[in-house]
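In case you want the letters, here they are:
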Amino acid sequence: MAERDRILVRGCVLHFLDDPGAEDRAGAWQWFDDGGLLIGDGRIRACGPWAEVNAQASGTAVQRFNYPGHLILPGLVDTHMHYAQAEMIASFGHQLLDWLGNYTYPTEMRFADAEHATRMAGFVLDRLLAHGTTTASVFATSHAVSADAFFAAAHERNLRMLTGKVMMDRECPAELRDTVETAERDSVALIERWHGKGRLGYTVTPRFAITSTDAQLAMAGRLFKSRPDLHLQSHLAENVAECARVAELFPGSSRYLEVYERFDLTGPRSIYGHCIHLNGDEHARMAQSGTAQAFCPTSNLFLGSGAYDLASASRAGVRVGLATDVGGGTSLSMIRTLSEAYKVQQMHHAPLSAWRGWYLATLGGARALHLEDCIGNFLPGKEADFVVLDWNATPEMRCRMDTARTIDERLF
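Below or above, wherever it landed, is the structure these notes cover. Predicted model, so just to flag it, every value in this text is computed and none were measured.

1. Digging into the nonpolar core
Here's step 1: Core analysis: the biggest nonpolar cluster contains 104 residues, and Y83, M161 and L236 have the highest contact counts within it.
Here's step 2: Ignoring anything within four residues of it in the chain, the contact list for L236 reads E242, Y256, L257, Y260, Y272, G273, H274, C275, I276, L278 and M286.
Here's step 3: L162, A323, L371 and I375 belong to the second largest nonpolar core, which has 12 residues in total.

2. Observations concerning helix α5 (residues 180–194)
Here's step 1: When the terminal C-alpha atoms of α5 are compared, their 21 Å separation across 15 residues agrees well with the 21 Å that a helix rising 1.5 Å per residue should span.
Here's step 2: Residues V180, A183, D186, S187, L190, I191 and W194 constitute the buried set of α5. The buried residues of α5 occupy an angular sector of 145° when the element is viewed end-on, so they sit on one face. Turned more than 90 degrees away from the buried face of α5 sit E181, R185 and E192, all of them exposed.
Here's step 3: In this structure, the buried side of α5 is in contact with α4 (144–156), β8 (166–167), β9 (200–206) and α6 (214–225).
Here's step 4: Residue G196 follows α5 closely and has a positive phi angle near 85°.

3. Some words on the pattern of salt bridges
Here's step 1: Inspection of every chain in the model, using the stated rule, returns 26 salt bridges.
Here's step 2: With a shortest N-O distance of 2.8 Å, R207 and E108 are connected by a salt bridge. Note that R207 is positioned in the loop between β9 and α6 and E108 in helix α2 (residues 96–109), a separation of 99 residues in sequence. Of the two residues, R207 and E108, neither departs from the other in class, the shared state being buried.
Here's step 3: Residue E171 pairs with R245 through a salt bridge whose shortest N-O separation is 2.4 Å. A residue pair is termed long-range when its members are at least 10 positions apart, and E171 in the loop between β8 and α5 and R245 in helix α7 (residues 240–249) qualify at 74 residues.
Here's step 4: In this structure E171 comes out as partly exposed when scored by relative accessible area, which is 36%.
Here's step 5: It is possible to trace a salt-bridge network through shared partners that takes in R160, R199, E383 and D385.

Here is what the cut-offs are and how they apply
Residues numbered from 1 in each chain as written. Predicted model: local features only at pLDDT ≥ 70, side-chain atom pairs only at ≥ 80, totals over all residues. Heavy atoms only, no water. Core = buried A, V, L, I, M, F, W, Y, C linked by side-chain atoms within 4.5 Å. Buried < 20%, exposed > 50% of the residue type's maximum accessible area, 1.4 Å probe, protein only. Contact = heavy atoms within 4.5 Å. Helix = DSSP H or I, 4+ residues; strand = E, 2+ residues; numbered from the N terminus. Expected span 1.5 Å × (residues − 1). Arc of directions from axis to C-beta. Salt bridge = Lys/Arg side-chain N within 4 Å of Asp/Glu carboxyl O.

Right, dumping it as structure tokens:
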């Protein structure tokens with residue numbers, strides 16, 4: 001988009017400058033009931049009250065988009081999800097490990113077929129967009145073609161997406177098993193093809209400690225550290241039985257987190273899903289190293305894994321983002337995920353406010369993925385990545401908005 005063909009957007013504008021915390025700290029966000037965004041060359045040029053932003057656009061050709069009665073937010077950020085599991089959402093399962101064996105692995109086997117992977121990648125990305133999600137940290141499967149398919153579909157839609165080929169060289173079906181050598185070869189080739197292309201980034205992706213040998217985890221750590229702009233994602237302390245199996249497989253490690261630390265799999269640009277069964281010292285070590293956590297409330301409830309303690313992670317200073325964790329999670333919608341996050345925090349007697357919730361779904365997610373230089377709010381120079389939500393999308397919402405007394409209530 002040429003700078004002279006600028007875009008001007010009007011509506012209720014909300015974005016965050018910082019984490020409002022449990023106290024909803026003033027100054028952590030900007031709210032403009034009648035606000036505007038001025039966009040040029042695909043980037044934010046101005047954000048503020050409508051009259052001021054409109055004045056800055058005077059004298060030049062501008063495309064105008066007016067959204068009365070709508071909320072304009074930065075694009076929502078899903079910090080942990082499995083695109084290959086979208087077709088198995090709401091599959092009955094007792095607990096994580098039997099659910100993986102009964103449903104997840106058979107579903108992921110189908111992604112050896114490039115045509116199937118391409119079809120599902122397009123479906124998932126279109127549904128993410130329909131739900132307002134414009135950025136996600138995404139697990140493909142152990143097949144390189146599954147990552148190729150997702151990258152291609154995301155590039156076609158000009159989305160800022162992170163993904164990677166899953167690494168698994170033990171405790172999984174033979175059809176999904178790779179080796180240290182093939183996992184490295186495929187990952188390096190995918191990095192060369194896709195990392196930094198358009199708005200795409202590559203994420204080194206060992207599934208979790210159970211499914212990778214020491215040798216594969218060590219290779220993943222070397223690969224992650226080989227370039228300062230690569231990302232890493234995995235799972236940590238989701239389920240009690242999982243934690244017990246990790247202790248059996250790695251008897252030299254006193255805690256689950258120590259396994260990943262030993263293999264250089266922590267640090268800035270790394271993120272771990274779930275992080276339920278951690279102690280205070282582990283939260284502190286993750287904060288110190290810059291390792292982020294993905295809060296996956298719908299999945300944690302659906303599989304009975306436990307209730308993530310956001311307050312403990314926040315006190316330690318951990319970067320935290322919100323995540324659907326489809327297909328353990330039950331919806332691709334970050335808004336529905338926010339609803340479940342609120343309920344989980346109620347169980348900890350630490351209610352999640354509307355302000356903090358929307359922060360986690362936008363700037364918080366961007367920070368967790370170390371993408372805050374690109375997305376997450378409307379500061380000048382950031383990518384013009386935003387969504388428009390209808391306050392009155394359903395009759396029930398319209399009825400509630402008629403009686404909402406404050407901005408807090410409308411957002412909640």
